[in-house]
Amino acid sequence: MLRTALRNLLAHKARLLMTALAVLLGVAFVAGTLVFSDSVGEAVKNASAKNLNDVAVSVTAAPDRSAPSGEAKDGKRATALDEKLADRIRVLPGVAGVRSDVTGQATLAARDDGHPVGNGWQNRAVNYQPGKDGSDPRYPVVRGRGPAHADEIALAESTAKAAGYSLGDTVRFATDGPVMKKKLVGIVATDDPSVNARGSLALFDTATAQKMFLHPGQFDELVVSAAPGTDQAALTADVRKVLPAKRAEAVSGRQLATQQAEMIASQNHALSQTLLTFAGIALFVGVFIIANTFTMLISQRSREIALLRAVGASRRQVVRSVLAEAGLLGLVSSAVGLALGTGIAAGLRSIMDAQGAGFPDGPLVISPTTVLASLGVGVVITVLAAWLPSRRAARIAPVEALSTVEAPPAPRSLLLRNTLGGLLTAAGVALMLYVSTLKGTKNLELAMLGSAVTLVGMIVLAPLLSRPLVSLAGAVTTRLFGVAGKLAKENALRNPRRTAATGSALMIGLTLITGLTVTGHSAQLAMDKMAGNGLTADYKVSTSTYAGLDPKLSERVGKLPGVTAAAPVRETSYSLKNAAGDATGFGLLHGTDLSQIDKVTRLVFTDGSLDAVRSGGIAVSRTMAEKHGWQAGDTVTVEFPDKKRAALRIAAVYQDNEVLGDSFGSTTLVDPHLDRFRDQELLVKADHGGSAALATEIRRTLGDSPLLKIQNHDDLRKETAGQIDTLVYMVYGLLGVAVVIAVVGVVNTLAMSVFERVREIGMLRAIGLDRRGVKQMVRLESVVISLFGAALGMGVGIFLSWAGGRMIGSSDSFKAYEMVLPWGRLGLFLLIALVVGVLAALWPARRAARLNMLEAIGDQ
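Report follows, based on the coordinates.

### Here we look at the overall build of the chain
Here's step 1: What the chain contains, in helices and strands, is 28 helices and 23 strands.
Here's step 2: For the chain, the share of sequence-separated contacts (at least 6 apart) that also reach a separation of at least 24 residues comes to 82%.
Here's step 3: Treating the 90 positive side-chain charges of the chain as one cloud and the 72 negative ones as another, the clouds have centres 11 Å apart.

If you want it as structure tokens, here you go:
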């Protein structure tokens, strides 16, 4: 029977080509994911370990709470690590040296357009520490030299290239305030993954770095290197003894390496799990194609199987023969898929590096786990998909070998399947209707379960749904294309199971794509509404690193010609306290200029007034008031982050406003509880709606820092839209493999159908249907099946999006959400399904039209 399976596989290799392609693509997705994540993870791990090669002990500091308040308010960190502590560590036994590090953030302005360079929090700034030979081994100099004076700076090679700077240029940058300028004296190399992955690196001499980020003589970290043969654990214990109590801590190099390895593994695991989820979807779609193929093959080989039974093959042997054939197909396809996936991983890494991902150098990692997982998944999926068809093969009676006519098998009842599909669909719909009544996103797992049950129910119910939907599409094809259209409809209706399996493969991808598209479009509109909700200012000014704005500079903006009003917004958190001193809730208090705020935002009061707030007290949002049962005139006790308590009088209640959030009051209420006075935002109202010249003048007044974000209403909308579009398009790409496999399934079904209906096509040709008519019939059948899958997928996707959207929109933070159908994109999806149907039929239609009439009629 094994030889029989092998002969069958070789004899029908053309018919199994599309099935092999479906398995191959799914396995390639899995293998590519595993190889890519393993390779990148290993490279990042090795690069991080290399940076820790000379680290025996790392000493870091907690914030120095004993620092004078004037220092705490200047935005610079105060630490307990200084040169005296470094000297005490240097004299310990086994210490080979101590490196004193200062770290911070510096955002560069590009030389040509002044736009910020790098990726926010990955814009690192460090001190350059030359040794006796004048070089810093961490950062080898590529060109020039290291910075040695206050007016000098060095950049990483990738940073200099991205910013467009060359040696001798004046580099413009900012840390948390106005722009600074220094001369570029050196270009250095670095293996730091965060810098190479679209970050940036700026280097200063130690004294300058301390002045910008700390205080003179202080450090962020003391890195201890050990003499050969020194025990790290013992050295770490010795270092801890000389540290100031509760002001610093020491960690061994091995602990650091372990922590970094765990962090990298966690990040890598999250990435691989996400990609494997979409690979699983692709493989799930492939199951329908495999099952369809083997069902059709067994139907076509029924006499052959009956003959095997007649000469002594048992039912179990027939099952084993079919499963062996599936296993061999899965093994060969998986092996090719593994090779393809490895190539995809290598290509993806090169493409992402070209786009600035900056992955560290390293070889492709093809682990035994990857090989076994890829081959195992492919074989198991193929065998499982062929199990039901193999059971049907085993039920073929030996007497069928005596038949002289190839008759189609009697249609099996769909009663049990329809009943099960109806129950599953009803359960899924009921669960999603319940989800639509829930509040917030904490029930996301329940929504995912309901979506999965609904989708599975629709897949099971698809044969029942195929008749009305295909008949509807067939009525159109019959009216437009006559006999060819009617034949296409009848062919699609002939075997509801086959049509359902083919359409379901396409339905799965379109369900996910439609649901994502509708949810993303609705969320984007909601965020647009929220971004402008209550904002009447023409500009919202903030910083990319949330460092805030200098209040003195903000005041100057309000005095610029063309500026009608300028209201700063500062904020601090608070916890609500009851009479027993227990926390009963949390909130954010926004401090602003109460004489200007009504000119830059739309305030609608439901209780009290702005004048009452100006007289002392705070205003709270309606949601906050309803949540706690407050009204104007009440007094609440709050505790601020500095542990100080205050009794605040509620002077007014206003309709929810995205600009001012939970509550607002005068800056005099907020300022005493801030570590430093910084404006989180500055809202600016212009005389005539603003202009490019005014935006430039505002930027200049605020120090022309690359950190500045001066956004009008369109900029705010584009910012939120860009984030959602990026997510949507990324998921489109990941679901693309599943859609391609679904298209392969349509091609496969039509091709197998042509093999199955050779005599029928010959008879049609004999009674007058020309080659063009045959082609048109096959094409229209493909279009009808594709539109059936598209209609089901889009319908289910819209329903799931509606139910999930109701849950999202009920949350307090996203009340603006309302489902809005993107008709343009939905129409595009239908058009794509139509095109898919036409393209998928090209090869099967051509083959059907080229059949020899007489040979086809005589086919057995």
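### A look at helix α27 (residues 842–849)
Here's step 1: Residues Pro 844, Ala 845, Ala 848 and Ala 849 constitute the buried set of α27. Along the long axis of α27, the arc covered by the buried residues comes to 130°, so they all point the same way.

### Quick look at the packing of aromatic side chains
Here's step 1: A complete count under the given rule lists 6 aromatic pairs for this structure.
Here's step 2: Following the ring pairs from residue to residue traces out a cluster consisting of Phe 605, Tyr 654 and Phe 664.

### Describing the pairing of strand β8 (residues 152–156)
Here's step 1: In terms of burial, β8 is largely enclosed, as 5 of its 5 residues are buried.
Here's step 2: Of the pairings in the sheet, the one linking β8 to strand β11 (residues 200–205) comprises 2 bridges and is antiparallel in character. Of the residues in β11, the one forming a bridge with Ala 154 is Leu 203.

### Some points on the nonpolar core
Here's step 1: Core analysis: the largest hydrophobic core is formed by 58 residues, its most contacted members being Phe 278, Val 285, Ile 508 and Phe 829.
Here's step 2: Those elements that place two or more of their residues in this core are α2 (17–51), α9 (253–300), α14 (444–481), α15 (483–494), α16 (496–532), α23 (713–756), α25 (771–809) and α26 (823–840).
Here's step 3: Ranked by the residues each element gives to this core, the list is headed by α16, at 13 residues.
Here's step 4: Discounting residues that sit within four places of it in the chain, Val 285 has contacts with Ala 505, Ile 508, Ala 738, Ile 741 and Ala 742.

### Some details on the packing of α9 against helix α12 (residues 368–394)
Here's step 1: For the pair α9 and α12, interaxial distance at closest approach is 8 Å and the crossing angle is 35°. Of the two possible hands of crossing, α9 and α12 adopt the one that is right-handed. From α9, Leu 283, Val 287, Ile 290, Ala 291, Phe 294, Thr 295 and Ile 298 reach across to α12, where they touch Val 377, Ile 381, Thr 382, Ala 385, Ala 386, Pro 389, Ser 390, Arg 392 and Ala 393.
Here's step 2: Within the contact of α9 with α12, the residues separate by chemical class into 12 nonpolar, 3 polar and 1 charged.

Cut-offs used in this document
- Residues numbered from 1 in each chain as written.
- Predicted model: local features only at pLDDT ≥ 70, side-chain atom pairs only at ≥ 80, totals over all residues.
- Heavy atoms only, no water.
- Helix = DSSP H or I, 4+ residues; strand = E, 2+ residues; numbered from the N terminus.
- Contact = heavy atoms within 4.5 Å.
- Lys, Arg positive; Asp, Glu negative; His and termini not counted.
- Charge placed at Lys NZ, Arg CZ, Asp CG, Glu CD.
- Buried < 20%, exposed > 50% of the residue type's maximum accessible area, 1.4 Å probe, protein only.
- Arc of directions from axis to C-beta.
- Phe/Tyr/Trp six-rings, centres within 6.5 Å; stacked < 30°, edge-to-face > 60°.
- Pairing = 2+ DSSP bridges.
- Core = buried A, V, L, I, M, F, W, Y, C linked by side-chain atoms within 4.5 Å.
- Axes fitted to C-alpha atoms, helices over the stretch in contact; angles between N-to-C directions.
- Left-handed = near helix turned anticlockwise from the far one by under 90°.
- Nonpolar A, V, L, I, M, F, W, Y, C, P; charged D, E, K, R; others polar.

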